[in-house]
Amino acid sequence: MQQAEDFRAESLALHALLKDLPDHRYREPTQFKDWTVDDILQHLHFWNGMAALQITDPDLLAERIDGALSDKRGMRAFERETLGDPRGRPLLDAWINEADRVADLYAEVDPKRRLRWAGPDMSARSSMTARLMESWAHGQAVYDLLGVVRRNEDRIRNIVVLGVNTYGWSFSNRGEDVPSAIPLLRLTAPSGEIWTFGEDTGGGEISGPAEAFCQVVTQCRNVADTPLRVEGSNAAAWMARAQCFAGPPMTPPPPGTRGIR
């Protein structure tokens, strides 16, 4: 499954960014909810492990999902307790080793295999795409904190596709009617290739760097802080609500609040 290798590559890119980071910097808050680098790595590590359980132990997966959703202290407290609250370099090592193991597991799985999850079952490909998306999105907060301009690869096409596929979800998750005409997308890949999605059916058009589109649908950036060109009411409405991840409706960051330090 190509998505497994893309997930591995994205995890290794974040590891390369962090491998020489001094221990005290793991405790610095990022622009994402003031989560520290430790918080981000713990969260990724926990849910990577949950993805592994989708294949190796679905019953334990269900038990941990129930625990995470019902813990009155909050999900983050459950994650820390389950992991043993690792921090700093030991956490970095544990996270990348687990990410590598998960990539190995999924590389040999039929992409269409149905796997248990918190809600409806999902395909193995969807599960791996979600892990790639979360690793990329949470990783952006770390790149921003360290003042590093990210050099993306064309594997972010997986996130673009996820963003397109959750067009309707971005509205229905808020209890709103879904505009019938999805905007036409003309995005420039990191390689310079032009990616086109949809047709000119009156829904407007969104054009610009694929990276910027990924930042908006993962809510790493407000669309006003990107070079995306947004034309038409449907396109504007989508970019104001875009949410390619599960859970209750979340509000995109206000303009000027997320960026490279």
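Scroll up to find the structure.
Scope of this entry: the structure provided in the associated data block. Worth saying up front: this structure is predicted, and the values here are computed from it rather than measured.

Section: the overall build of the protein chain
For the protein chain, the count of helices and strands is ten helices and six strands. For a compact globule of 261 residues, the expected C-alpha radius of gyration is about 18 Å, and the protein chain comes in at 18 Å, within 12% of that figure. Along the longest, intermediate and shortest principal axes, the C-alpha atoms of the protein chain span 50 × 40 × 35 Å. Put simply, the protein chain has 261 residues, and 52% of those count as buried. By element, 50% of the accessible surface of the protein chain is carried by carbon and sulfur atoms, the whole surface being about 11900 Å². Looking at the protein chain, you have 30 positive and 37 negative side-chain charges, and the mean spots of the two groups are 2 Å apart.

Quick look at the packing of aromatic side chains
Scanning the model with the defined rule gives seven aromatic pairs in all. Aromatic pair F46 and F78: ring centres 6.0 Å apart, planes at 85°, arrangement edge-to-face. With a gap of 32 residues between them, F46 in helix α2 (residues 37-56) and F78 in helix α4 (residues 75-83) connect regions that are remote in the sequence. The class of F46 is buried, set by a relative accessible area of 4%. Under the relative-accessibility criterion, F78 is labelled buried at 13%. Considering the side-chain rings of Y167 and F171, the 5.5 Å spacing of their centres and the 70° angle between planes classify their relative orientation as edge-to-face. With a gap of four residues between them, Y167 and F171 both fall in helix α8 (residues 167-172), about one helical turn apart.

Some remarks on the nonpolar core
Counting 31 residues, the largest nonpolar core has V160, L185, F213, L228, W238 and M239 as the members making the most contacts within it. Of all the elements in the fold, those that place two or more residues in this core are α6 (124-146), α7 (157-165), α8, β3 (184-188), β4 (194-197), α9 (210-217) and α10 (233-241). Broken down by element, the residue count for this core peaks at six residues, all from α9. Judged by nonpolar contacts, the second largest core, of 19 residues, contains L41, L92, I96 and V142.

Let's talk about unusual backbone geometry
Notably, D34 is not glycine yet its phi reads approximately 65°, a positive angle. Along the polypeptide, D34 turns up in the loop between α1 (2-18) and α2. The backbone of Q219 sits at a positive phi, close to 60°, despite the residue not being glycine. Inspection of the secondary structure puts Q219 in the loop between α9 and β6 (229-231). Taking the relative accessible area as the measure of exposure, Q219 reaches 8% and is therefore buried.

Description of the packing of α6 against α7
Contact pair α6 / α7: the axes reach a minimum separation of 9 Å and the direction vectors enclose 105°. The pairing of α6 with α7 is recorded here as roughly perpendicular in orientation. Packed against α6, whose contacting residues are T129, L132, M133 and W136, the element α7 presents N158, I159 and L162 at the interface. Taken together, the residues of the contact of α6 with α7 sort by class into five nonpolar, two polar and no charged.

Some details on α10
Of the positions making up α10, those classed as buried are N234, A235, A237, W238 and M239. For α10, the elements touching its buried residues are α7, α8, β3, β5 (205-209), α9 and β6.

Overview of the pairing of β3
Note that β3 and β5 share five bridges and pair parallel. In the sheet register, L187 faces β5, and the bridge partner there is G208. Here β3 pairs with β4 via four bridges, running antiparallel. Paired with L187 across the strands is W195, a residue of β4. Connecting β3 to the next strand, β4, in antiparallel fashion are five residues, including G192 with a positive phi near 100°.

Reading the values: rules and limits
Residues numbered from 1 in each chain as written. Predicted model: local features only at pLDDT ≥ 70, side-chain atom pairs only at ≥ 80, totals over all residues. Heavy atoms only, no water. Helix = DSSP H or I, 4+ residues; strand = E, 2+ residues; numbered from the N terminus. Rg over C-alpha atoms; globule rule 2.2 N^0.38 Å. Buried < 20%, exposed > 50% of the residue type's maximum accessible area, 1.4 Å probe, protein only. Areas by Shrake-Rupley, 256 points an atom, 1.4 Å probe, with all protein chains shown as cover. Lys, Arg positive; Asp, Glu negative; His and termini not counted. Charge placed at Lys NZ, Arg CZ, Asp CG, Glu CD. Phe/Tyr/Trp six-rings, centres within 6.5 Å; stacked < 30°, edge-to-face > 60°. Core = buried A, V, L, I, M, F, W, Y, C linked by side-chain atoms within 4.5 Å. Axes fitted to C-alpha atoms, helices over the stretch in contact; angles between N-to-C directions. Parallel < 35°, antiparallel > 145°, perpendicular 65-115°, else oblique. Contact = heavy atoms within 4.5 Å. Nonpolar A, V, L, I, M, F, W, Y, C, P; charged D, E, K, R; others polar. Pairing = 2+ DSSP bridges.

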